[in-house]
Amino acid sequence: MNNINEMILEAQNYIESKLKEKPEIGLILGSGLGVLGDRAEKRNIIDYVGIPNFPISTVEGHMGRFVFGEISGRKVAIMQGRFHFYEGYGMKEVVFPIWVMRSLGIKKLIVTNASGGVNINFSPGDLMLITDHINFMGTNPLIGPNIYSMGVRFPDMSNAYSSRMKDLIIKISNELNIPIKLGVYASMTGPAYETPAEIKMLRILGADAVGMSTVPEVIAANHAGMEVVGISCITNMAAGVLDKPLSHEEVIKTAEEVKDKFLRLLVEIIKYF
Ligand code: HPA
């Protein structure tokens, strides 16, 4: 395997050879939200398969491509499909696209995901602005030799989710009449959903939502000096909250129902990010 800097550069060069303009905002869209990419103007689609050193996404409900284009007049790079640790990718593969986006000049990142509601005051269909996270994946994408071209060895994580954007997003959500909760996102590896005892533990430890993504990308993005906004769609109540089993079908169904309000909110956030 090549040196990671060379791998990033190869991917960057390939993408740049196909772009006329530099993107400024990166978006990683979770389950069911990929359609935002289809709404971008001046679309320029680049499939992951063609990008040197890029992993390939496999999970149902996810595509595997970048849509470069414009939303709300801003130049965006939208990832339709992300790489999950539970699929068997290494952490470096999960965050490789972050490094490539940063190399393309992107310094602002919006991440979305589907998650289970740990906070019993939440309901399926709620949107939650992520104010902080707890990494329960038992590993970290920055383990190994530090990539100094991206950032320092021991990056600060005390403002991992932009506090600058928080008040603005609350204001936007009020104006659009799209309520948004605030909370802490805990990441587990999956792919099994959590047990009721694990969810009880997460609640005691301060989590409001639980999911199987986002945290690796946000760690890598912060390391690389990017400003991050994270929004979670509560697609189901986490294990043990309700007396019913969890299913991927429920996750997809709720994400689909919430899609329109989620997209309206995102379009507005992009405008002011
Ligand atoms: N747990 C973990 N990941 C999830 C969940 C959940 O309940 N819902 C959607 N993604």
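Data block above holds the structure.
This text gives an overview of the structure that appears in the document. Please read these numbers as outputs of a predicted model, since none were measured by experiment.

Criteria and cut-off values
- Residues numbered from 1 in each chain as written.
- Predicted model: local features only at pLDDT ≥ 70, side-chain atom pairs only at ≥ 80, totals over all residues.
- Heavy atoms only, no water.
- Near = heavy atom within 4 Å.
- Polar contact = N/O pair within 3.5 Å; in protein donor to acceptor, adjacent residues only side chain to side chain.
- Areas by Shrake-Rupley, 256 points an atom, 1.4 Å probe, with all protein chains shown as cover.
- Helix = DSSP H or I, 4+ residues; strand = E, 2+ residues; numbered from the N terminus.
- Nonpolar A, V, L, I, M, F, W, Y, C, P; charged D, E, K, R; others polar.
- Axes fitted to C-alpha atoms, helices over the stretch in contact; angles between N-to-C directions.
- Parallel < 35°, antiparallel > 145°, perpendicular 65-115°, else oblique.
- Left-handed = near helix turned anticlockwise from the far one by under 90°.
- Contact = heavy atoms within 4.5 Å.
- Phe/Tyr/Trp six-rings, centres within 6.5 Å; stacked < 30°, edge-to-face > 60°.
- Buried < 20%, exposed > 50% of the residue type's maximum accessible area, 1.4 Å probe, protein only.
- Lys NZ or Arg CZ within 6 Å of the ring centre and 35° of its normal.
- Core = buried A, V, L, I, M, F, W, Y, C linked by side-chain atoms within 4.5 Å.
- Patch = residues over 30% accessible without salt bridge, like charges linked within 9 Å, V, L, I, M, F, W, Y side chains within 5 Å.
- Salt bridge = Lys/Arg side-chain N within 4 Å of Asp/Glu carboxyl O.
- Expected span 1.5 Å × (residues − 1).
- Arc of directions from axis to C-beta.

Looking at the site of the ligand
Working step 1: All residues in the neighbourhood of the ligand are listed as A114, S115, G116, Y193, E194, V210, G211, M212, T235, N236, L246 and V251.
Working step 2: Measuring from a nitrogen atom of the ligand, one finds a side-chain N or O atom of E194 at 2.8 Å.
Working step 3: Contact distances for the ligand include 2.7 Å between a nitrogen atom and a side-chain N or O atom of N236.
Working step 4: Protein chains bury 95% of the 260 Å² of accessible surface belonging to the ligand in isolation.
Working step 5: By residue number, the principal contributor to the shell around the ligand is strand β5 (residues 108–117), which donates three residues.
Working step 6: Residue composition of the shell around the ligand, grouped by class: six nonpolar, five polar and one charged.

Comments concerning the packing of helix α3 (residues 91–103) against helix α6 (residues 215–223)
Working step 1: The geometry of α3 relative to α6 is characterised by a closest axis approach of 9 Å and an angle of 50° between their N-to-C directions. Classified by the interaxial angle, the pair formed by α3 and α6 is oblique. As for the relative orientation of α3 and α6, their crossing is right-handed in sense. In this structure, α3 uses M91, V94, V95, I98 and W99 to contact α6, whose residues at the interface are P216, E217, A220 and A221.
Working step 2: Its residues placed into classes, the contact of α3 with α6 shows eight nonpolar, no polar and one charged.

What about the packing of aromatic side chains?
Working step 1: All told, the structure shown has eight aromatic pairs when counted by the stated rule.
Working step 2: A centroid spacing of 5.8 Å and a plane angle of 55° characterise the contact between F54 and F66, whose relative ring orientation is tilted. On the criterion of sequence distance, the pair formed by F54 in the loop between β2 (41–47) and β3 (65–71) and F66 in strand β3 is long-range, its members being twelve residues apart. Accessibility assignment for this pair places F54 and F66 in one class, buried.
Working step 3: Relative to Y89, the ring of F83 has its centre 5.2 Å away and its plane inclined at 75°; by these criteria the two rings are edge-to-face. We note that F83, like Y89, is buried.
Working step 4: The rings of Y48, F54, F66, F68, F83, Y89 and F96 are connected pair by pair, giving a single aromatic cluster.
Working step 5: Note that K108 overlies the ring of F273, its terminal NZ or CZ placed 5.5 Å from the centroid.

Looking at the side chain of S173
Working step 1: Assignment of secondary structure puts S173 in helix α4 (residues 163–176).
Working step 2: With residues near it in sequence (within four places) discarded, S173 still touches I178, I180 and L265.

A word on the nonpolar core
Working step 1: Core analysis: the biggest nonpolar cluster contains 47 residues, and I15, F66, I98 and L109 have the highest contact counts within it.
Working step 2: Looking at this core, the elements with two or more residues in it are α1 (4–16), β3, β4 (74–80), α3, β5, β6 (127–135), α6 and β9 (227–237).
Working step 3: The element best represented in this core is α3, accounting for seven residues.
Working step 4: When sequence neighbours within four positions are dropped, the list of residues in contact with I98 reads I28, L109, E217, A220, A221 and M226.

Regarding the packing of α4 against helix α7 (residues 248–272)
Working step 1: Contact pair α4 / α7: the axes reach a minimum separation of 10 Å and the direction vectors enclose 135°. Judged by the inter-axis angle, α4 sits oblique to α7. Seen from above, α4 lies across α7 with right-handed handedness. Contact with α4, carried on its side by M165, L168, I169, I172, S173 and L176, involves R264, L265, E268, I269 and Y272 of α7 and no other residues of that element.

A look at a nonpolar patch on the surface
Working step 1: A grouping of M201, I204 and L205 is seen on the molecular surface, where their side chains present a nonpolar patch of about 310 Å² in accessible area.
Working step 2: Of note, I204 is situated in helix α5 (residues 196–204).

Here we look at α1
Because each turn of an α-helix spans 3.6 residues, side chains separated by three or four positions end up pointing in the same direction.
Working step 1: With 13 residues, α1 extends 18 Å from end C-alpha to end C-alpha; this agrees with the ideal 18 Å at 1.5 Å per step.
Working step 2: Buried within α1 we find M7, I8, A11, Q12 and I15. The arc enclosing the buried residues of α1, seen along the axis, measures out at 130°, which places them on a common side.
Working step 3: Elements that come into contact with the buried residues of α1 comprise β2, β3 and α3.
Working step 4: Two to three positions downstream of the cap, the backbone nitrogen of N5 sits 2.6 Å from a side-chain oxygen, assigning the N-cap of α1 to N3.

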